[in-house]
Amino acid sequence: MPVRQASAEDIGAIMAIERSAHFHPWPEAVIRRYVSKPETVWVLEDQGAVIAWAANTLIAGEAELLMIAVDPQWQGKGAGRQLMNFLQAHLQARHAEQWFLDVRESNHRAVALYESMGFCEAGRRTDYYPTASGHEDALLYCLDLSE
Ligand SMILES: CC(C)(COP(=O)(O)OP(=O)(O)OC[C@H]1O[C@@H](n2cnc3c(N)ncnc32)[C@H](O)[C@@H]1OP(=O)(O)O)[C@@H](O)C(=O)NCCC(=O)NCCS
């Protein structure tokens with residue numbers, strides 16, 4: 001399945017994934033702003049349909065995964081890992097040194113994916129994310145890309 005940079009024409013498909021995959025989807029205006037930046041928003045396609053997307057920044061050797069989401073119908077079938085592997089190879093080709101992300105403590109599926117790639121827990125933001133009944137912690141993860 002190919003990965004490519006997103007364009008403004010993908011925003012509808014990205015929003016559809018956001019609405020179905022998240023408790024708190026990203027606002028369209030935020031996604032639109034990131035899509036306008038080069039090498040920041042990526043989509044994974046299956047037969048021309050967008051089934052996953054990710055937003056990632058790279059500034060002065062430090063990369064940050066801002067978001068990754070897979071269409072719920074496609075979750076658990078390798079799409080998330082494929083997109084992350086693509087991003088890792090892209091970031092290493094751009095000589096990124098560190099790759100950071102944060103994740104809800106309860107998101108065991110995402111944590112399993114990140115840890116299987118070698119990400120290590122680097123910190124915690126207490127009560128960072130809203131939930132239906134209050135707040136939960138964000139776990140900060142880091143992967144050294146320079147090795
Ligand atoms: C988290 C997410 C991106 C993972 O993508 P995915 O395509 O579902 O995951 P994959 O099929 O590529 O699986 C990758 C790894 O995730 C873990 N995983 C996948 N499904 C899992 C499950 N049901 N339970 C536990 N771990 C699971 C495994 O480690 C798996 O590796 P393996 O197949 O080699 O065992 C995706 O499920 C998603 O979009 N979730 C909703 C949005 C979200 O939580 N985004 C992350 C925000 S930080």
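None of the values given here were measured: they were computed from a predicted structure.

Draft legend 1. Expanded view of the sheet that holds strand 6 (residues 120-130). Across the sheet, seven strands lie side by side as 1-2-3-4-5-7-6; this open sheet has mixed pairing. Unpaired on one side and paired on the other, strand 1 (3-5) and strand 6 mark the two borders of the sheet. With strand direction ignored, the average angle separating the axes of adjacent strands in the sheet is 25°. Two strands pair when backbone bridges link them, and strand 3 (residues 49-59) and strand 4 (residues 62-70) are joined in this way by eight bridges, in the antiparallel orientation. Counted as the bridge partner of Thr 57 is Glu 64 from strand 4.

Draft legend 2. Representation of the site of the ligand within the structure. Contacts to the ligand come from 20 residues, most closely from Gln 75, Gly 80, Arg 81, Ala 112 and Leu 113. Among the elements of the structure, strand 4, helix 3 (79-93) and helix 4 (108-116) are those that each provide at least two residues to the shell around the ligand. Broken down by class, the residue content of the shell around the ligand amounts to nine nonpolar, eight polar and three charged.

Draft legend 3. Expanded view of the environment of Pro 72. Tracing the backbone through its elements, the reader meets Pro 72 in the loop between strand 4 and helix 3. The spatial distance from the C-alpha of Pro 72 to the C-alpha of Ser 20 is 6.9 Å, given a sequence separation of 52 residues. Residues in contact with Pro 72, not counting those within four places in the same chain, are Ser 20 and Ala 21.

Parameters and conventions
- All residue numbers refer to position in the chain's written sequence, counted from 1.
- Only residues with pLDDT of 70 or above have their local features reported here, since the model is predicted, and side-chain atom pairs are shown and tallied only from 80 upward, although totals for entire chains, interfaces and linings are computed over all residues.
- A strand pair is defined by DSSP finding two or more bridges across the two strands.
- Strands are runs of DSSP state E lasting at least 2 residues, helices are runs of H or I lasting at least 4, and numbering of each runs from the N terminus.
- Axis definition: a line fitted to C-alpha atoms, limited for helices to the stretch in contact. Angles are taken between N-to-C directions and run from 0 to 180 degrees.
- For each residue, a C-beta atom is positioned from the backbone; the residue is called near a molecule or strand if that atom sits within 6 Å of it.
- Residues were grouped as follows: Ala, Val, Leu, Ile, Met, Phe, Trp, Tyr, Cys and Pro as nonpolar; Asp, Glu, Lys and Arg as charged; and all remaining residues, including Gly, as polar.
- In this description, a residue-residue contact is defined by the distance between C-beta atoms placed from the backbone, which must lie within 7 Å.

None of this, on its own, says anything about what the molecule does.
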